[in-house]
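Each chain is listed here by its residues.
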Amino acid sequence: MENTCIATTTTTSAETSETTTPSTSTRAFTDHMTAAEFDEAFTAVMPRLRRRLLALTGNPHDADDLLQETYLRLSRRARAHTLTRQQQPYAYTCAAALNLLRDLWRHPSRQECCTDRLPERGWDGGFARREAEAVTAALLRGLSPKEAAAVILVDIEGLTHDMAGERLGAHRGTVQRNRMRGLAKIRAALAA
């Protein structure tokens with residue numbers, strides 16, 4: 001009789017494991033959030049989470065960046081169907097955001113550092129400079145020689161009207177008039 005009970009128990013546990021396997025896989029599938037459900041839940045908690053992050057960071061830009069990074073991190077998991085449904089979505093998203101903030105505090109290399117030195121400018125092979133010189137030369141060709149000389153000496157080389165007048169052998173007022181006429185022609189050419 002004991003053998004019969006053991007056989008029956010074995011059969012029952014085998015039947016039970018067969019019946020629970022499909023329901024477990026069905027339950028596992030339904031326990032994960034879809035992307036649409038996640039977007040809806042995150043949108044609902046977003047204002048409250050932003051206020052919390054603003055209180056922690058003290059800067060609205062940092063709070064917005066952290067909020068966006070939290071959304072992206074959790075959204076990736078939701079789209080991969082690995083994000084489980086949460087009883088308290090605010091608490092879960094807040095914990096994820098705080099973990100991100102803690103990571104930023106721990107790793108100062110991830111933060112921007114202020115400096116008084118400007119970064120080196122990229123070199124384009126001199127193309128931009130050559131293009132600017134070609135445009136300038138084309139605009140100056142549209143001027144009379146006196147107007148072009150006045151514009152070059154005053155605006156490009158940075159001389160005063162008196163110094164430009166000495167170089168050109170003209171009065172200061174003449175240099176000013178020629179320069180003003182030349183600049184007016186350049187503006188008209190650029191507008192056209």
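Residues numbered from 1 in each chain as written. Predicted model: local features only at pLDDT ≥ 70, side-chain atom pairs only at ≥ 80, totals over all residues. Heavy atoms only, no water.

1. Here's the deal with the overall build of the chain
At step 1: A tally of regular secondary structure across the chain gives eight helices and zero strands.
At step 2: Element order for the chain, N to C, with α for helix and β for strand: α-α-α-α-α-α-α-α.
At step 3: Residues classed as buried in the chain amount to 21% of the 192 residues present.
At step 4: When contacts within the chain are restricted to residue pairs at least 6 apart in sequence, long-range pairs at least 24 apart make up 57% of them.
At step 5: Surface exposure of the chain reaches about 14400 Å², of which carbon and sulfur atoms provide 56%. (Helix = DSSP H or I, 4+ residues; strand = E, 2+ residues; numbered from the N terminus. Buried < 20%, exposed > 50% of the residue type's maximum accessible area, 1.4 Å probe, protein only. Contact = heavy atoms within 4.5 Å. Areas by Shrake-Rupley, 256 points an atom, 1.4 Å probe, with all protein chains shown as cover.)

2. Quick word on the confidence of the model for the chain
At step 1: Per-residue confidence for the chain gives a mean pLDDT of 81; residues scoring 70 or more make up 82%.
At step 2: Every residue in residues 1-29 is under pLDDT 50, and counting partners more than four places away or in other chains gives zero contacts. (pLDDT = per-residue confidence, 0-100.)

3. Some thoughts on the packing of helix H2 (residues 35-57) against helix H3 (residues 60-79)
At step 1: It is the contact of H2 with H3, at a shortest axis distance of 9 Å, that shows an interaxial angle of 155°. Looking at the two axes, H2 sits roughly antiparallel to H3. In the packing of H2 onto H3, the handedness of the crossing is right-handed. Contacts from Ala35, Phe38, Asp39, Phe42, Met46, Leu49, Arg50, Leu53, Leu54 and Thr57 in H2 reach Pro60, Asp62, Ala63, Asp64, Leu66, Leu67, Thr70, Tyr71, Leu74, Ser75, Ala78 and Arg79 in H3.
At step 2: In terms of residue class, the contact of H2 with H3 is made up of 14 nonpolar, three polar and five charged. (Axes fitted to C-alpha atoms, helices over the stretch in contact; angles between N-to-C directions. Parallel < 35°, antiparallel > 145°, perpendicular 65-115°, else oblique. Left-handed = near helix turned anticlockwise from the far one by under 90°. Nonpolar A, V, L, I, M, F, W, Y, C, P; charged D, E, K, R; others polar.)

4. A closer look at helix H7 (residues 161-168)
At step 1: For H7, every residue scored as buried is listed here: His161, Ala164 and Gly165. Looking straight down H7, one finds that the buried residues subtend no more than 105° of arc, so they occupy a single side. Turned more than 90 degrees from where H7 packs its buried face, Glu166 and Arg167 sit exposed.
At step 2: Close packing links the buried residues of H7 with helix H6 (145-156) and helix H8 (172-191).
At step 3: A positive phi of about 70° marks Gly169, the residue just after H7. (Arc of directions from axis to C-beta.)

5. Re unusual backbone geometry
At step 1: With a phi close to 60°, His81 is a non-glycine residue in the positive phi region.
At step 2: Here His81 shows up in the loop between H3 and helix H4 (89-106).

6. Brief notes about the pattern of salt bridges
At step 1: Under the definition given, this model contains nine salt bridges.
At step 2: Between Arg50 and Asp64 there is a salt bridge; the shortest N-O distance is 2.6 Å. One end of the pair, Arg50, is in helix H2; the other, Asp64, is in helix H3, with 14 residues separating them in the sequence.
At step 3: Residue classification places Asp64 among the partly exposed positions, given a relative accessible area of 34%.
At step 4: Of the charged contacts, one joins Arg129 and Glu133 as a salt bridge, the two residues approaching to 3.3 Å between their closest N and O atoms. Note that Arg129 and Glu133 are positioned in helix H5 (residues 127-141) at a spacing of four residues, about one turn of the helix.
At step 5: Judged by relative accessible area, which is 63%, Arg129 ranks as exposed.
At step 6: Take Glu133: its relative accessible area is 34%, and that puts it in the partly exposed class.
At step 7: Within the structure, one salt-bridge network assembled from shared partners comprises Arg129, Arg130 and Glu133. (Salt bridge = Lys/Arg side-chain N within 4 Å of Asp/Glu carboxyl O.)

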